[in-house]
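One letter stands for each residue in the lines below.
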Amino acid sequence: MEKLTQQEETAMLAIWKVGRGFVKDFLEAHQAPAPPYTTLASTIKNLEKKGFLQSRKMGNVYEYTPLMEEGAYKQKFMNGFVKDYFENSYKELVSFFAKEKKISPDELKEIINMIEKGK
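Rules and cut-offs
Residues numbered from 1 in each chain as written. Predicted model: local features only at pLDDT ≥ 70, side-chain atom pairs only at ≥ 80, totals over all residues. Heavy atoms only, no water. Domains from an automatic or database assignment. Salt bridge = Lys/Arg side-chain N within 4 Å of Asp/Glu carboxyl O. Helix = DSSP H or I, 4+ residues; strand = E, 2+ residues; numbered from the N terminus. Buried < 20%, exposed > 50% of the residue type's maximum accessible area, 1.4 Å probe, protein only. Pairing = 2+ DSSP bridges.

### Here we look at the domain arrangement of the chain
In step 1: When the domains of the chain are assigned, the result is domain 1 (6-66) and domain 2 (70-118).
In step 2: Averaged C-alpha coordinates put domain 1 and domain 2 at centres separated by 30 Å.

### Some points on the pattern of salt bridges
In step 1: Counting across every chain of the model gives 5 salt bridges.
In step 2: For Lys45, the salt bridge is made with Glu48, and the minimal N-O distance between the two is 3.3 Å. Of this pair, Lys45 and Glu48 both sit in helix α3 (residues 37-49), 3 residues apart, which is roughly one turn of that helix.
In step 3: According to the relative accessible area criterion, Lys45 is partly exposed, its value standing at 31%.

### Section: the pairing of strand β1 (residues 53-58)
In step 1: As defined by bridge partners, β1 adjoins strand β2 (residues 61-66) across 6 bridges and the pair is classed as antiparallel. When the sheet's bridge partners are listed, Gln54 is paired in β2 with Thr65.
In step 2: In this antiparallel pair of consecutive strands, β1 and β2, the connection spans 2 residues, and Gly59 shows a positive phi of 70°.

Written out as structure tokens, the structure reads:
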């Protein structure tokens, strides 16, 4: 899976929010500040070329449908992120945030409870 640029990820968040739709629909759902229509249309075409969207011509406009669910993208992104930056160790990831004081002891306890309940 090809990595998305920040602009492409932001566009995909709007697309996932809408589901199937047109550029104008995604523009309305886009987080502020929304890009110009032509910029978003170009980004959407790039996403289609990368295999994240499929299009269907309807008159003289295109309707787009995401080909990957948001959860699947997050999972692949996080797996790659942990592999590339934390030696494929989620323990190293959590340790990093703890050392940087980006996660509180209460949040760590909450994570441990979630893990234990998942067993």
